[in-house]
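# Architecture and fold: a report
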Amino acid sequence: MSGVRRLGARWRRRRPLRTRLALAASAAVALVAVGVCAAAFFVIRYELLHQLDLSLTQSATRVVQENRGEGPQIIAGECRFLSAPACAQVVPADPAADPEAAYLLPVSAPVREVAAGTRAPYFSNVTRFGQSLRMLTTPFGDGRALQVALRADPVEKGVRQAAVLLAAVGGAGVLLAGLLGYAVSRTGLAPVARLTSTAERIAATRDPRHRIELPPGPPGRQDEVTRLAASFNTMLGELEQSVSAQRRLVADASHELRTPLTALRTNAELLARADRLTPAQRERASGALGRQIREVTGLVNDLIELARDEEPLPLVEEVRIAELAEHTVAMARTHWPRLRFELEIGPGAAEAVRPGVPARLARLLTNLLDNAAKFSPPDAPVEVGLTAYGGGGGLELTVRDHGPGIAPEDLPYVFDRFYRAEAARALPGSGLGLAMARQIARAHGAELTASVAPGGGALFTVVFGGEGP
């Protein structure tokens, strides 16, 4: 048995899904067709025999009414012909009371029992005159039994004709089931075939721009396969965006790394001939080399940070945002001593906590403060605010500078990797700080947005929801 199951499983694995679906649908329809034909055959057979039995019962009733006082005798014996009335004879319970003439119908022990009243009436099939007969044996009264018989071959012929006709209908039904199964599998799996073809084409060309053609119709009334194809198209769209972002990242990173790497190579080659340089030249080359190494190291570290999709769970803890902001602003004052940083913590925000990684949240705020410090004039402050809003414990962290602000054409791209506005190209940085800040915010269930501050300057807002990440 286990070998048969293994053979069946191996056959299913080797057959295409379309073939298996066609066979399953065909088998189901064929089973229904054969079942209906079989049921119809038994119903027809029962009805024909029932009609014959009713005819025998009516004949027996008529004979009883017409021959109540008669003794054992043969009442009618021409049932060998189809148009003749039923054969009928009266049989006593005692064989000694039989008439001298031989009975036309067979007389057996059950017949004597019916005559004696010890057995119920019954129907039976007998052969007489070379013909098949249907016979009823019923009590006749006074220790006698009545036997009535009719030819059964017309009923048998009708049953055979019904069997042949229903067999033909069942065969046609099985054939139709096969055609319907093939049509159902072909139609039902057409989106799957298109999905498979698209997937194979993408695998061969490595081009995720291909899409599966969906049938027309309202989105809310699509079947499961169409929804699967739509989900696959959505996945392809996400894959296309991911591939495009990866290509842009590689192109941008290579572009950003080319200049410092060229400078590194130049200074390294220059220092390799240090015996030809004056001490001042060696000092300048060594300093430039150190700065460029730090720049490349920072850029590589930023890229590694951006490649991280989520925060490491073992490092997540409850962070008091107000204390984190105070610490980060204090570090910014040390790093930018010529600027003034102002921190304002609103009511209800001082004790607010959020689950997160403290170092990453500090990096988020540090990037925003560094970005604001680059554009702030020396006589204008960088304003940092932390306020609570709503009844669910939401927090809003803002960083504002009083610099030139963000141009409307640059506003949609400020969080893109390596994007640098025209006003920022002469300033230090790699263009990754704001992209990293948004990624950290989203990893902590917050949203970072940029806007133009009222009165000038840039305003960055981090909104923490009431539920945390």
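So, a few notes on the structure that sits alongside this text.

Thresholds applied
Residues numbered from 1 in each chain as written. Predicted model: local features only at pLDDT ≥ 70, side-chain atom pairs only at ≥ 80, totals over all residues. Heavy atoms only, no water. Phe/Tyr/Trp six-rings, centres within 6.5 Å; stacked < 30°, edge-to-face > 60°. Helix = DSSP H or I, 4+ residues; strand = E, 2+ residues; numbered from the N terminus. Buried < 20%, exposed > 50% of the residue type's maximum accessible area, 1.4 Å probe, protein only. Lys NZ or Arg CZ within 6 Å of the ring centre and 35° of its normal. 1 Å grid on protein atoms, 1.4 Å probe; cavity = no way out; pocket = protein on both sides within 12 Å on 5 of 7 lines; lining within 4 Å. Points joined across faces, edges and corners; volume = space filled by probe spheres on them. Nonpolar A, V, L, I, M, F, W, Y, C, P; charged D, E, K, R; others polar. Pairing = 2+ DSSP bridges. Axes fitted to C-alpha atoms, helices over the stretch in contact; angles between N-to-C directions. Contact = heavy atoms within 4.5 Å. Core = buried A, V, L, I, M, F, W, Y, C linked by side-chain atoms within 4.5 Å.

Okay, the packing of aromatic side chains next. Counted by the stated rule, this structure contains two aromatic pairs. Residues phenylalanine 415 and phenylalanine 460 carry aromatic rings whose centres are separated by 6.2 Å and whose planes lie at 85 degrees to one another, so their mutual orientation is edge-to-face. With phenylalanine 415 in the loop between strand E10 (394-400) and helix H10 (433-443) and phenylalanine 460 in strand E12 (residues 458-464), this residue pair connects regions lying 45 residues apart in the sequence. By the burial criterion, phenylalanine 415 is buried, and phenylalanine 460 matches it. In this structure, arginine 119 packs its charged tip against the face of tyrosine 122, placed 4.8 Å from the ring centre.

Residues of H10 that are buried include every one of Leu434, Ala435, Met436, Ala437, Gln439, Ile440 and Ala441, and no others. Backbone geometry just downstream of H10 places glycine 445 in the positive-phi region, at approximately 75 degrees.

Here we take up empty space enclosed by the protein. Enumeration over the complete set of coordinates arrives at one cavity of 30 Å³ or more. Those elements that provide at least two residues to the lining of the largest cavity are helix H8 (321-335) and helix H9 (358-375). When the residues that make up the lining of the largest cavity are grouped by side-chain class, the tally is eight nonpolar, no polar and no charged.

One ladder, built from seven bridges, connects strand E3 (residues 122-128) with strand E4 (residues 131-139); its direction is antiparallel. Within the sheet, the bridge partner assigned to asparagine 125 lies in E4 and is arginine 134. Two successive antiparallel strands, E3 and E4, enclose a turn made up of two residues, where phenylalanine 129 displays a positive phi of approximately 60 degrees.

Backbone-to-backbone hydrogen bonds join strands into a sheet, with any given pair of strands oriented parallel or antiparallel. Spatial strand order, E7-E9-E10-E12-E11: five strands in an open sheet with mixed pairing. Single-partner strands in this sheet number two, and they are strand E7 (341-345) and strand E11 (446-452). If you compare each strand with its neighbour and ignore which way they point, the axes differ by 15 degrees on average. The pairing of E7 with strand E9 (residues 382-389) spans five bridges and is classified as parallel. By the bridge assignment, isoleucine 345 is partnered in E9 with leucine 386. H8 contacts E7, E9 and E10 of the sheet and is inclined by roughly 170 degrees relative to E7.

With that out of the way, let us pick up the nonpolar core. The biggest cluster of nonpolar side chains holds 40 residues, and the ones touching the most others in it are Phe341, Leu368, Leu369, Val399, Leu448, Phe460 and Val462. Where this core is concerned, the elements lending two or more residues are H8, H9, E9, E10, H10, E11 and E12. In terms of residue count, the dominant contributor to this core is H9 (eight residues). Not counting the four nearest positions on each side in its chain, valine 399 is found in contact with Leu365, Leu368, Leu369, Ala372, Val382, Glu383, Val384, Ala458, Leu459 and Phe460. Grouped together as the second largest cluster of nonpolar side chains are 16 residues, Leu52, Ala86, Ala88 and Val90 included.

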